[in-house]
Amino acid sequence: MSQNIILTTGIYDLIKDHVRRKKVTIEEEKLLLHELKKATQVLRRDLPEDIVSVNRQVTYKDHSNNEEKTVVFVGPEKSKPNKNKVSILSDVGIAMVGYKEGNIVEWPSAKGHLKLEILKVVEVARTI
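Note that this is a predicted model, so its numbers are computed, not measured. (Residues numbered from 1 in each chain as written. Predicted model: local features only at pLDDT ≥ 70, side-chain atom pairs only at ≥ 80, totals over all residues. Heavy atoms only, no water.)

**Q** Would you mind showing me how to read the overall build of the protein chain here?
**A** If you tally the helices and strands in the protein chain, you get three helices and seven strands. When the elements of the protein chain are put in sequence order from the N terminus, they spell out β-α-α-β-β-β-β-α-β-β. Relative to a compact globule of 128 residues, whose C-alpha radius of gyration would be 14 Å, the protein chain shows 13 Å and is just as compact. Each of the three principal axes of the protein chain carries a C-alpha extent, and together these read 35 × 30 × 25 Å. When each of the 128 residues of the protein chain is scored for burial, the buried share is 43%. Long-range contacts, defined as pairs at least 24 residues apart, comprise 55% of the intrachain contacts of the protein chain with a sequence gap of at least 6. Split by element, the accessible area of the protein chain, about 7,200 Å² in all, is 48% carbon and sulfur. For the protein chain, the distance from the average position of its 22 positive side-chain charges to the average position of its 18 negative side-chain charges is 5 Å. (Helix = DSSP H or I, 4+ residues; strand = E, 2+ residues; numbered from the N terminus. Rg over C-alpha atoms; globule rule 2.2 N^0.38 Å. Buried < 20%, exposed > 50% of the residue type's maximum accessible area, 1.4 Å probe, protein only. Contact = heavy atoms within 4.5 Å. Areas by Shrake-Rupley, 256 points an atom, 1.4 Å probe, with all protein chains shown as cover. Lys, Arg positive; Asp, Glu negative; His and termini not counted. Charge placed at Lys NZ, Arg CZ, Asp CG, Glu CD.)

Right, dumping it as structure tokens:
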């Protein structure tokens, strides 16, 4: 993944802490640290609307099974997968965070190699 990701400072710190706590594979850790090094950090209000982040509804295509899925990314403590509220620190969240609509992200996860295409990103109300 050659382009730089865009993250809010809060999400940047959350991912750094996630890596520090060894919640990712060695391969993911190397990739995440590399991406964080060149990431652009912005204030929440300056985050472009088409960037995957917390409180964003994301429709994506999983190329491994050719399925489209729509989820809302939330902080880890608000995760409710049965209601399609998925932690930004989940496998798909960590793979797509900081990328934008139209990107195809390939990512190694504990469950296998992910290839995800970000089809649509929409900001959702803060109540989620």
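**Q** Can you walk me through the nonpolar core in this structure?
**A** If you look at soluble globular proteins, the nonpolar side chains tend to sit buried side by side. Residues Leu-7, Ile-15, Val-58, Phe-73, Val-92, Met-96 and Ile-118 are the most contacted members of the largest nonpolar core, which totals 31 residues. Elements that contribute at least two residues to this core include exactly α1 (9–20), α2 (26–38), β3 (56–62), β4 (67–74), α3 (91–96), β6 (104–109) and β7 (112–123). The contact partners of Ile-15, leaving out residues within four places of it in the chain, are Leu-7, Leu-32, Leu-36, Leu-89, Ile-94 and Val-97. (Core = buried A, V, L, I, M, F, W, Y, C linked by side-chain atoms within 4.5 Å.)

**Q** Would you explain the environment of Val-58 in this entry?
**A** Along the chain, Val-58 falls in strand β3. Look past the residues within four positions of Val-58 in its chain and what remains in contact with it is Val-52, Lys-69, Thr-70, Val-71, Phe-73, Met-96, Ile-118, Lys-120 and Val-121.

**Q** Please explain the pattern of salt bridges as it appears in this structure.
**A** A side chain of one charge can pair with a side chain of the opposite charge when the charged atoms of the two come close. Under the criterion given, the structure shown has six salt bridges. In this structure, Glu-29 and Lys-22 form a salt bridge, with 3.2 Å as the shortest nitrogen-oxygen distance. A salt bridge links Arg-44 to Glu-123; its shortest N-O distance comes to 3.9 Å. Here Glu-123 lies in strand β7 and Arg-44 lies in the loop between β2 (40–42) and β3, a separation of 79 residues in the sequence. (Salt bridge = Lys/Arg side-chain N within 4 Å of Asp/Glu carboxyl O.)

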